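Structural overview for review
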Amino acid sequence: MKKLVSRLKFDKNKKNSWHADLCKMNNTFQLEENQEYLYLLYKAKNTIWYFNKLINEGYVGYSSIKFKNKDEIFVWLEDVRIENGYYSGILAENNDPEKVPCSEAVDWLIIENQRMLGGYTVRHYRNMLGEDEKLNFEIDCGYRIDEGDDFFRPDLSTAEGAIITIEQFYNNKDLDGIFSCKDFRKEAENIMIDHSVVVNEKNLTMITSALKTSFVDDLEISGFPNFEDIERVFTLKDQREDQQLIEEKVIYRDGAITINELWVWNSGHCGWKVLNLVEKN
């Protein structure tokens, strides 16, 4: 994978100007609240646990969270620490100390190895720029802005987390764990509806059994896929009722990329379940 790498080192003093400009942009430039933007906010909300984990473990690099102040203006709080349910730090635009309830953060950002992680609203703004403007924006920032790495919790509370969880079970060759993340019956129901097959218990039981057998046979023939030492970028491609089609870009350390599209179902009290992989034409 070819990545754009800034040759400038991150300058903590220099960032004040671009970060202040970004705060101004947030409130003078009308962002279109389209599906992409809302999904990025969703990703920020559901990955901030990773930011909190780093801060609580003593992270010493650049850190920042975004929130709306008392004047209803979005601003960034830097040099973040977490104390009793509050983020404490200094405001980017004036270096004043501030405390913010953790629940009020809408985005987070850290700089790791001259690369931005998090920063979903920053990424959205950059994506709206032309190619030359993108390059200049990144040079002004002084660090690399790529697609990032989405740190959803590895559990069944989100569609993306369910995908990460099943991939961890693949790594461990844990078939029972894999089954706990899937629902062959729901997958069978989808197939029947898509192919106009009468949905009754007999057909449902037969197709569910066939899907599970085929799934196990494929693992025995092809082996368990490996998802160790990777980065992930998720995109919401489609949704219907209680199901989402999630694109997962898997980025390996050698630069190789695999794109997976999976339907994931919100089963209710049992959380999200990974259904079928969408075959590419």
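Here we summarise the structure given alongside this text. The shown structure was predicted, so the numbers you read here are calculated from the model rather than taken from an experiment. (Residues numbered from 1 in each chain as written. Predicted model: local features only at pLDDT ≥ 70, side-chain atom pairs only at ≥ 80, totals over all residues. Heavy atoms only, no water.)

**Focus on helix α4 (residues 131-141)**
- Looking only at α4, the buried set comprises Lys134, Phe137, Glu138 and Cys141. Buried residues of α4, seen end-on, are gathered within an arc of 95° and therefore sit on one face of the element.
- Count one or two residues on from α4 and you reach glycine 142, which has phi positive near 90°. (Buried < 20%, exposed > 50% of the residue type's maximum accessible area, 1.4 Å probe, protein only. Helix = DSSP H or I, 4+ residues; strand = E, 2+ residues; numbered from the N terminus. Arc of directions from axis to C-beta.)

**Some details on the environment of leucine 54**
- Relative to the helices and strands, leucine 54 resides in helix α2 (residues 35-56).
- Sequence separation of leucine 54 and isoleucine 110 is 56 residues, and the distance between their C-alpha atoms is 9.5 Å.
- For leucine 54, the residues in contact, after removing those within four places along its chain, are Tyr59 and Ile110. (Contact = heavy atoms within 4.5 Å.)

**Observations regarding the pattern of salt bridges**
- Under the defined criterion, the tally for this structure stands at 17 salt bridges.
- Salt-bridge contacts for lysine 249 lead to glutamate 147; the nearest nitrogen and oxygen are separated by 2.9 Å. You can see lysine 249 sitting in strand β8 (residues 243-252) and its partner glutamate 147 sitting in the loop between α4 and α5 (159-171), a full 102 residues away along the chain.
- You can call lysine 249 buried: its relative accessible area is 16%.
- On the accessibility criterion, glutamate 147 (37% relative accessible area) is partly exposed.
- Two residues, arginine 185 and glutamate 201, come together in a salt bridge whose shortest N-O distance is 2.8 Å. Of the two residues, arginine 185 is situated in helix α7 (residues 184-194) and glutamate 201 in helix α8 (residues 201-222); the sequence distance between them amounts to 16 residues.
- Given the relative accessible area of 46%, glutamate 201 is considered partly exposed. (Salt bridge = Lys/Arg side-chain N within 4 Å of Asp/Glu carboxyl O.)

**Re the nonpolar core**
- With 28 residues, the main nonpolar core has Ile163, Tyr170, Phe234, Ile246 and Val264 as its most contacted residues.
- Those elements that place two or more of their residues in this core are α5, α7, α8, β7 (230-240), β8, β9 (257-266) and β10 (272-277).
- Here this core takes 6 residues from α5, the largest share from any one element.
- The next biggest cluster of nonpolar side chains, apart from the first, holds 22 residues, and it includes Leu40, Tyr59, Leu77 and Tyr87. (Core = buried A, V, L, I, M, F, W, Y, C linked by side-chain atoms within 4.5 Å.)

**Observations concerning the sheet that holds strand β5 (residues 107-112)**
- On the basis of which strands lie adjacent, the open sheet formed by 6 strands has the order β4-β3-β2-β1-β5-β6 and antiparallel pairing. With one partner strand each, in any of the chains shown, β4 (97-101) and β6 (115-118) form the two edges of the open sheet. Averaged over neighbouring strand pairs, the angle between their axes works out to 35° when direction is ignored.
- Here 5 bridges tie strand β3 (residues 86-91) to β4, and the two strands are oriented antiparallel to one another. If you follow serine 88 over to β4, its bridge partner there is lysine 99.
- Contacts between α2 and the sheet are confined to β1 (63-68), β2 (74-83), β3 and β5, with β5 contributing the most and set at about 50° to the helix. (Pairing = 2+ DSSP bridges. Axes fitted to C-alpha atoms, helices over the stretch in contact; angles between N-to-C directions.)

**Overview of the packing of aromatic side chains**
- According to the stated counting rule, one finds 14 aromatic pairs in the structure shown.
- Their ring planes at 25° and their centres at 5.5 Å tell us that tyrosine 39 and tyrosine 42 sit as a pair that is stacked. Taken together, the residues span about one helical turn, with tyrosine 39 and tyrosine 42 both in helix α2 at a distance of 3 residues.
- A relative accessible area of 8% means that tyrosine 39 is categorised as buried. (Phe/Tyr/Trp six-rings, centres within 6.5 Å; stacked < 30°, edge-to-face > 60°.)

**Focus on the pairing of β7**
- Of the strand pairs in this sheet, β7 and β8 are connected by 10 bridges, and their pairing is antiparallel. When the bridges of β8 are listed, isoleucine 230 appears paired with tyrosine 252.
- Linkage of β7 to β8, two consecutive antiparallel strands, is achieved through a turn of 2 residues, within which glutamate 241 is found at a positive phi near 45°.

**Section: the sheet that holds β9**
- Read across the open sheet, the 4 strands follow the order β7-β8-β9-β10; overall the sheet is antiparallel. Edge strands, defined here as strands with exactly one partner in the open sheet, are β7 and β10. Within this sheet the neighbouring strands show an average axis-to-axis angle of 35°, counted without direction.
- Bridge count for β9 against β10 is 4 bridges, and the pairing is antiparallel. Following the sheet pairing, asparagine 266 is matched in β10 by tryptophan 272.

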